[in-house]
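# Structural description and commentary
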Amino acid sequence: MSEHEIDPELLLDELQTRSTQSGTLMRKALESGNLREAIQYADAMLSELHNPHIVPKLYYILFMQIFNDLKELEDHFMERKKSGRKMAELYESVQQASGVLQRLYLMATAGSVYIEAREASAKEVLSDITEMAKGIQHPVRGLFFRYYLLKKMKDKLPDKGSKFEGDGGDINDCVNFLIQNLTEMNRLWIRMQYGGREKSVKQAERQDVNMLVGECITRLSDLKGIDITFYRDSLQPKLFDIVHNCNDPISQQYLMDSIIQVFTAEFHLATLEKLLEAATSLHSSVDVKSLLITLMNRLASYAATDREELKQADKEINIFVMFNKYIDKLLEEQGLIIEPKKLVELEIAYMRFSIKLYPSNLDYVNQILDLCVRTFQPLSAKSITEPCLKSVVALLIIPLDSLSMEILALPNYSTLAGYLTPSMLQTLAKKIIMSLVTAMKPIRSMEIVQQLVGFIKHLYASAITEKEVNEDAYEFEEVQTYAAKLLHLIDCRDPATDFLAITSLKETFDKGGMQVLRYTTPAVVNEVYNLIDKAAKVYDAGTLESKLPILKIYQFVYQAIDAIGQSFPNSAIRLFLQGVLSMNQVVSPGTDAEELGYQFASQALVLFQDELADAESRVQALSLAICTLERAAFFSADNFETLVVNTAQYCAKLPRRQDQCRTLLMCTNLFCCGLLVSCVRALEGCREAGEVLEESFGGVRRVQVD
């Protein structure tokens, strides 16, 4: 039957059945004390591993079943040792097995106990088995046997501090044994590539068993006798020789990745230049990008736990400069070969790495952005794909959290943003807004404001419709809330500059339409009121006017509030009345500003009359208007009287009598205010309020006012 006619699963079942039967008979023989017979059954069990048709993935399943059964045989050998049986005899006897493969498995099993018994030195037994292992030339069988040997001998190596050190060997013997195995296992692993089946199938099979080869590197990393000096001067060169001499992309990729993963960050820092040189000198098909990313992640994790150690290492070699040198080399040699998206992914990892190691170094961030710019420069627009540009967005977002608005000033930042699509620019703008607000760093100059506007304008390129808002209402509200909070960060230490900054942001927000103004206008207006309040506390009346054009500012505020009046009357009424209170400390009667203040209050009442339909909202608005007028002190008597009378009339027209009563009682305080023309007019107002109350509640006795 040919290989192509065999069902792999059925074959595995058949082999496992026979192996299980042999394993059961082996255990029965061990229980009866018949070691010779047990070894024969173990021989039969191991012969199933000789089947030429089983694929590597299923071979591993069969191997693990036999591995567990052999552990019972090893335990029995250990019991024989304790009872006084010479392990040398046993080691010799298992070599009578029927085949080379079976013989080697039994030798490794017995050899483990032989070393444990200290009847022979570890280096002699290891050398003996390793030499004989060359007799297995079948790639899969050879790989699995050497893996088995490593598992059996992992605690029998003459490592530093081990009980087998000394006569049993030293760290050099350990390294020689493991390096020899790694060399042979890698050679066998590469030979799996060749055969009658398709290349892709063979490559997949190789990937299925790569951890067998990696076991050697893991064992090397576990040796206690390897310090930084030994690793740098002896072990690392041997490992790199194996990697470079094989000239196989799959092997080079996996071996270098394993070296980076299993050895400590301290070792990598001590040999960083050699490691980077080796990683960037591999076969052109090797994904060097992923190797560098893995190395960066390893060092970044180390920085999170041992930052002081890393700082010390950085003083000696400057880690960033070292990486930059070899990434530059990679771009020069393979920049046009490697897919642009993969290069950007490398730059993303490089950015994360740099931010973790140097969180406030703007120059390093700029250099990484420059790498990305140089990646795109020789490319046509069509060759820069959407997935690649999404990676650029990720790259631009990374430094925002640590460097905040400082990053916006970098020319390379704007250059890269220029490659993005409108939707991607909007994504970037959202992240910029949120990062700046979260950082809570004050905006100190108009230059920063202009840079900020250059990015966030993409969110407000056109009026946003209610339909667009409803598509993701939560995200829209969150972003606009953050955008509004940007205004509170403005602090240029000059009132006039602060006002210019506010107007610049408002002009940007206005382009987003009414859905945006709902969130941003209250923030704009309140920030202007706060600006005036702070300035009024610092400067006297004459100086204030030279610092701030008060009338112009309040006209600006009036227009901003009026724009949202019909759409959001409740908010507009509150903002108009807050404006009256703001003017109270900077406006004098009889001025143009006083007339504008009158318009603020009048417009609030107009909105009350024309736009508010809800009874509760109307009562609240009137109550707020009354309280505001009660505190206002800059109106002329005529203007004040007009406002008070209109307010009282609106109170009298409320639909519910209890609301009429409550608001009119509040209004009586306004008629007693000193701003009215005369005491007689004040008394008339009180009587008018009383008449309304009597009409509403006939049983209430009229109060005579003399």
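Reading guide: rules and limits
Residues numbered from 1 in each chain as written. Predicted model: local features only at pLDDT ≥ 70, side-chain atom pairs only at ≥ 80, totals over all residues. Heavy atoms only, no water. Helix = DSSP H or I, 4+ residues; strand = E, 2+ residues; numbered from the N terminus. Rg over C-alpha atoms; globule rule 2.2 N^0.38 Å. Buried < 20%, exposed > 50% of the residue type's maximum accessible area, 1.4 Å probe, protein only. Contact = heavy atoms within 4.5 Å. Phe/Tyr/Trp six-rings, centres within 6.5 Å; stacked < 30°, edge-to-face > 60°. pLDDT = per-residue confidence, 0-100. Salt bridge = Lys/Arg side-chain N within 4 Å of Asp/Glu carboxyl O. Axes fitted to C-alpha atoms, helices over the stretch in contact; angles between N-to-C directions. Parallel < 35°, antiparallel > 145°, perpendicular 65-115°, else oblique. Left-handed = near helix turned anticlockwise from the far one by under 90°. Nonpolar A, V, L, I, M, F, W, Y, C, P; charged D, E, K, R; others polar. Expected span 1.5 Å × (residues − 1). Arc of directions from axis to C-beta. Patch = residues over 30% accessible without salt bridge, like charges linked within 9 Å, V, L, I, M, F, W, Y side chains within 5 Å. Areas by Shrake-Rupley, 256 points an atom, 1.4 Å probe, with all protein chains shown as cover. Lys, Arg positive; Asp, Glu negative; His and termini not counted. Charge placed at Lys NZ, Arg CZ, Asp CG, Glu CD.

### Here we look at the overall build of the chain
The secondary structure content of the chain amounts to 36 helices and zero strands. On C-alpha atoms alone, the chain measures out to a radius of gyration of 42 Å, which is more than a quarter above the 27 Å that the 2.2 N^0.38 rule sets for 706 residues. C-alpha extents for the chain along the principal axes are approximately 130 × 60 × 50 Å. When each of the 706 residues of the chain is scored for burial, the buried share is 52%. For the chain, restricting intrachain contacts to residue pairs at least 6 apart in sequence, the fraction spanning at least 24 positions comes to 75%.

### Some details on the packing of aromatic side chains
Under the defined criterion, the tally for this structure stands at 32 aromatic pairs. When the ring of Tyr 105 is compared with that of Phe 145, the centres are 5.3 Å apart and the planes differ by 75°; the resulting orientation is edge-to-face. On the criterion of sequence distance, the pair formed by Tyr 105 in helix H5 (residues 100-116) and Phe 145 in helix H7 (residues 139-153) is long-range, its members being 40 residues apart. Here Phe 145 falls in the buried class, since its relative accessible area comes to 0%. Ring geometry for Tyr 460 versus Phe 509: centroids 5.5 Å apart, planes at 80°, classification edge-to-face.

### What about unusual backbone geometry?
The phi dihedral of Asn 318 is positive, around 50°, even though this residue is not glycine. In this fold, Asn 318 is placed in the loop between helix H16 (307-317) and helix H17 (319-334). The phi angle at Ser 404 is positive, at roughly 50°, despite the residue not being glycine. Tracing the sequence through the fold places Ser 404 in the loop between helix H21 (400-403) and helix H22 (411-417).

### Considering the confidence of the model for the chain
Any region with low pLDDT has predicted coordinates that should not be read closely. For the chain, per-residue confidence averages 89 on the pLDDT scale, and 94% of positions sit at 70 or higher. Across the chain, the element-wise mean pLDDT spans from 56 in helix H36 (residues 679-696) up to 96 in helix H12 (residues 249-262). Across residues 699-706, where pLDDT falls below 50, the model places six contacts with residues more than four positions away in sequence or in other chains.

### What about the environment of Phe 556?
Checked against the element boundaries, Phe 556 lands in helix H30 (residues 550-564). Residue classification places Phe 556 among the buried residues on the basis of a relative accessible area of 17%. Placed 53 residues apart in sequence, Phe 556 and Thr 503 show a C-alpha to C-alpha distance of 8.7 Å.

### Considering the pattern of salt bridges
Counted under the stated rule, the structure contains 32 salt bridges. The shortest N-O distance in the salt bridge between Lys 152 and Glu 74 comes to 2.7 Å. In this pair, Lys 152 is assigned in helix H7 and Glu 74 in helix H3 (residues 56-82), connecting sequence segments 78 residues apart. Overall, Lys 152 belongs to the buried group, its relative accessible area being 6%. Notably, a salt bridge pairs Glu 116 with Lys 163, separated by 2.6 Å at the nearest N-O pair. Of this pair, Glu 116 sits in helix H5 while Lys 163 sits in the loop between H7 and helix H8 (171-191), placing them 47 residues apart in sequence. By relative accessible area, Glu 116 is classed as partly exposed at 22%. Connected via shared salt-bridge partners are Lys 151, Glu 215, Arg 219 and Asp 222.

### A short note on the packing of H8 against helix H10 (residues 210-222)
Remark: H8 packs on H10, axes separated minimally by 9 Å, with the N-to-C direction vectors making an angle of 165°. Classified by the angle between their axes, H8 and H10 sit roughly antiparallel to one another. You can see that H8 and H10 cross each other, and the crossing is left-handed. Here Val 175, Leu 178, Ile 179, Asn 181, Leu 182, Met 185 and Trp 189 of H8 lie close against H10, whose contacting residues are Asn 210, Leu 212, Val 213, Cys 216, Ile 217, Arg 219 and Leu 220. When its residues are assigned to classes, the contact of H8 with H10 shows eleven nonpolar, two polar and one charged.

### Looking at the packing of helix H20 (residues 386-397) against helix H23 (residues 422-439)
Where H20 meets H23, the closest approach of the two axes is 10 Å, and the angle between their N-to-C directions is 15°. Put simply, H20 runs roughly parallel to H23. For H20 against H23, the interelement crossing comes out right-handed. The residues of H23 that touch H20, namely those facing Glu 386, Leu 389, Lys 390, Val 393, Leu 396 and Ile 397, are Met 424, Thr 427, Leu 428 and Lys 431. Its residues placed into classes, the contact of H20 with H23 shows six nonpolar, one polar and three charged.

### Considering helix H2 (residues 35-47)
For H2, spanning 13 residues, the distance from its first C-alpha to its last is 18 Å, which sits close to the expected 18 Å at 1.5 Å a residue. Regarding H2, the residues found buried are Leu 35, Ala 38, Ile 39, Ala 42, Asp 43, Met 45 and Leu 46. The arc enclosing the buried residues of H2, seen along the axis, measures out at 165°, which places them on a common side. Away from its buried face, by an angle of more than 90 degrees, H2 presents the exposed residues Arg 36 and Gln 40. At its buried positions, H2 is contacted by helix H1 (8-31), H3, helix H4 (87-93) and H5.

### What to know about the environment of Pro 359
Mapped onto the elements of the fold, Pro 359 is located in the loop between helix H18 (340-357) and helix H19 (362-376). Residue classification places Pro 359 among the partly exposed positions, given a relative accessible area of 36%. Considered as a pair, Pro 359 and Val 209 are 150 residues apart in the sequence and their alpha carbons are 41 Å apart. Among all residues touching Pro 359, those that are not within four sequence positions of it are Arg 307, Ser 354, Ser 402 and Leu 403.

### Notes on the environment of Leu 331
If you trace the backbone, Leu 331 turns up in helix H17. Under the relative-accessibility criterion, Leu 331 is labelled buried at 14%. Setting aside residues up to four positions removed in sequence, Leu 331 forms contacts with Leu 343, Leu 371 and Thr 375.

### Considerations on a negative patch on the surface
A contiguous patch of negative charge on the surface is contributed by Glu 266, Asp 306, Glu 308 and Glu 309. Among the secondary structure elements, Glu 266 is positioned in helix H13 (residues 265-270). Taking the relative accessible area as the measure of exposure, Glu 266 reaches 35% and is therefore partly exposed.

### Digging into the side chain of Glu 527
Positionally, Glu 527 belongs in helix H28 (residues 514-538). When sequence neighbours within four positions are dropped, the list of residues in contact with Glu 527 reads Leu 487, His 488, Ile 490 and Ile 502.

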